[in-house]
Amino acid sequence: MKKLILVASVSLLAACAAPQPEQINLAPKATLANSDLVSGSTVNLTSKDVRAAQYVALVDSGRSNIEPLHPKQNVRISVEDAVAKQLQSQGFDLTVNSENSIIVEIQEALVNVRHTVMKNEMDGKVTIQITAETPQGKLVKTFTGTAKREGSLSASNEEIETVLNDVTNLVLKEIANDQELNGYLKERF
């Protein structure tokens, strides 16, 4: 029994000492409305992440190895929380038993990084599809944000985080301020 406990303890300590892969801090910020779009309308908000892979950055250092960087937070939950805050600021009450629903689908969230010792190039892209559905019909809109950034020296994780968060915030702002989507929500919800 003592040997089993010793082996388990050594294995646990070895796992803790192993280097952890680097991660990106994803912190999307909601774009809050100045006034209510609706008053007392209920909506059921759900989300899904349909990206092919769970990493948010691919770092190509030119040495024939590409390193994926994963987010510290769950991308789906982070984006859903930001959209929920946006909807609440517009006057919506979030509930699970509403006939009105909004589905947030994360289709892409990726920063491609190419860097050498002397310079770096980053291309970020975030694509989110919003489906607003009521008994009277449904509206599906896709929102895409892109960014390109160049810098000297190698790209740091903080710089990659900045590009990812800036592009995500740009898409969230576009969703919050889209006249067609807001008109549909105001008229049908």
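Here we summarise the structure given alongside this text. (Residues numbered from 1 in each chain as written. Predicted model: local features only at pLDDT ≥ 70, side-chain atom pairs only at ≥ 80, totals over all residues. Heavy atoms only, no water.)

### Comments concerning the pattern of salt bridges
Charged atoms that come close allow side chains of opposite charge to pair.
Moving on, step 1. Under the counting rule described, the total for this entry stands at 11 salt bridges.
Moving on, step 2. Notably, a salt bridge pairs glutamate 121 with lysine 119, separated by 3.3 Å at the nearest N-O pair.
Moving on, step 3. Ionic pairing is found between lysine 141 and glutamate 180, a salt bridge with its closest N-O pair at 3.1 Å. Here the residue lysine 141 occupies a position in strand β8 (residues 137–152), and glutamate 180 occupies one in helix α4 (residues 179–188), the gap between them amounting to 39 residues.
Moving on, step 4. Look at lysine 141 and you get buried, because its relative accessible area is 18%.
Moving on, step 5. Take glutamate 180: its relative accessible area is 47%, and that puts it in the partly exposed class.
Moving on, step 6. Within this structure, Arg114, Lys119, Glu121, Asp123 and Lys148 form a network of salt bridges that share partners. (Salt bridge = Lys/Arg side-chain N within 4 Å of Asp/Glu carboxyl O. Helix = DSSP H or I, 4+ residues; strand = E, 2+ residues; numbered from the N terminus. Buried < 20%, exposed > 50% of the residue type's maximum accessible area, 1.4 Å probe, protein only.)

### Brief notes about the nonpolar core
Within soluble globular proteins, side chains that are nonpolar tend to cluster in buried spots.
Moving on, step 1. In terms of nonpolar packing, the biggest core is built from 41 residues, with Ile102 and Ile160 touching the most fellow members.
Moving on, step 2. Excluding residues within four positions of it along the chain, isoleucine 102 makes contact with Val43, Asn44, Leu45, Thr46, Leu87, Ile130, Thr131, Ala132, Leu185 and Phe189. (Core = buried A, V, L, I, M, F, W, Y, C linked by side-chain atoms within 4.5 Å. Contact = heavy atoms within 4.5 Å.)

### Examining the side chain of asparagine 169
Moving on, step 1. Along the chain, the position of asparagine 169 falls in helix α3 (residues 157–177).
Moving on, step 2. In contact with asparagine 169, other than residues within four places in its own chain, are Ala27, Pro28 and Lys29.

So yeah, pure geometry; function would need other evidence.
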